[in-house]
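Working through the structure, step by step
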Amino acid sequence: MKIQHIFFDLDNTLWDHRKNAYLTIKDLFEKEEITLKYNIDFEEFHSVYHDINEKLWEQIRDGEIDKEYLRKHRFYDTFRHFEIDDLNLSMFFEEHFLDKILNYNHLVEGAEVILEYLKSKNYTLHIISNGFQEVMERKCILSGIVHYFHSITSADSVGVRKPNPEIFEYSLGLARAKKEESILIGDDWIADVIGSQNFGIDVIFFDVLNENPKQENLKVIKHLLQIKDFL
């Protein structure tokens, strides 16, 4: 059956979370004069934060922690790495981070072009994301892409995260789509690729980190415009 429904992951597939987060944390870091007060280099701080945050998101995806744990620990554990044990400071960063990140809405290169292309081809577009409900829809609105999507599914609205099949089932039900006419595009190997394959829908892996998977017959892109090669 011909593909009719395209499901996109959001963060780092369409919405450039890495870039927007970097700029937001840099603003907070400079405003709070962290280098002056604690003699910490921002690039080193951000590198430590990035590694801690990525690991925590992997744990959320795997059901080992919840989002409250992540929100408490990603900045707290980063500051503790630099021997600063200050929960109030870390929670100040956390609370302002979630609010201020929406001041930046850079999209991944080619995002708007490919969405317009797919819309012109009469595909029905959807989002299925592991992100927080309270910020995900605002990301789509403020970045100007919300009008492309027929449905938006967040993990919070289902209570489980990709690769759990329940979120795929929920999202396809919301979209009124069948498995055989659906495809997902995402950048996370486990959440998006393994999740889609286990659920039984086709997938395009957006290999932004050059993981270069060896799986036979897998659709892989390095740039969003390469989606045109498959759709």
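As the structure is a prediction and not an experimental result, all values here were calculated from the model.

A few points about the side chain of Arg74
Position of Arg74 among the secondary structure elements: in helix H4 (residues 67–81). At 3.2 Å, the side chain of Arg74 and the side chain of Asn53 are in polar contact. Leaving out residues up to four positions away in the same chain, Arg74 has contacts with Tyr49, Ile52, Asn53, Leu56, Trp57, Glu94, Phe97, Leu98 and Phe132.

Considering helix H10 (residues 189–199)
For H10, the full list of buried residues reads Ala191, Asp192, Val193, Gly195, Ser196 and Phe199. The opening residue of H10, the one whose side-chain oxygen lies 3.0 Å from the backbone nitrogen of Ile190, is Asp188. Following H10 by one or two positions, Gly200 has its phi on the positive side, about 105°.

Regarding the domain arrangement of the protein
Accessible area lost during the coming together of the parts is what is often quoted as the interface size. Taken domain by domain, the protein holds domain 1 (5–16 + 107–229) and domain 2 (17–103). Counting residues at the interface gives 22 residues for domain 1, matched by 15 residues for domain 2. Taken over both partners, the interface formed by domain 1 and domain 2 buries close to 1,600 Å², and the fraction arising from carbon and sulfur atoms is 59%. The three residues of domain 1 that bury the most area against domain 2 are Trp15, Asp16 and Phe132, which together make up 35% of that side's buried surface.

Let's talk about the sheet that holds strand E5 (residues 202–206)
Ordered in space as E3-E2-E1-E4-E5-E6, the six strands form an open sheet in which the pairing is parallel. At either end of the open sheet lies a strand with only one pairing partner, and these are strand E3 (149–154) and strand E6 (219–221). With strand direction ignored, the average angle separating the axes of adjacent strands in the sheet is 20°. Relative to E3, strand E2 (residues 124–129) is paired through five bridges, and the arrangement is parallel. Paired with His126 across the bridge in E3 is Ser151. Helix H7 (residues 133–142) rests against E2 and E3 of the sheet, and its axis sits at about 155° to E3. Sheet contacts for H10: strand E4 (182–186) and E5; angle to E5, the most-contacted strand, approximately 160°.

What counts and how
Residues numbered from 1 in each chain as written. Predicted model: local features only at pLDDT ≥ 70, side-chain atom pairs only at ≥ 80, totals over all residues. Heavy atoms only, no water. Helix = DSSP H or I, 4+ residues; strand = E, 2+ residues; numbered from the N terminus. Polar contact = N/O pair within 3.5 Å; in protein donor to acceptor, adjacent residues only side chain to side chain. Contact = heavy atoms within 4.5 Å. Buried < 20%, exposed > 50% of the residue type's maximum accessible area, 1.4 Å probe, protein only. Domains from an automatic or database assignment. Buried area = accessible area lost by both parts, 1.4 Å probe. Pairing = 2+ DSSP bridges. Axes fitted to C-alpha atoms, helices over the stretch in contact; angles between N-to-C directions.

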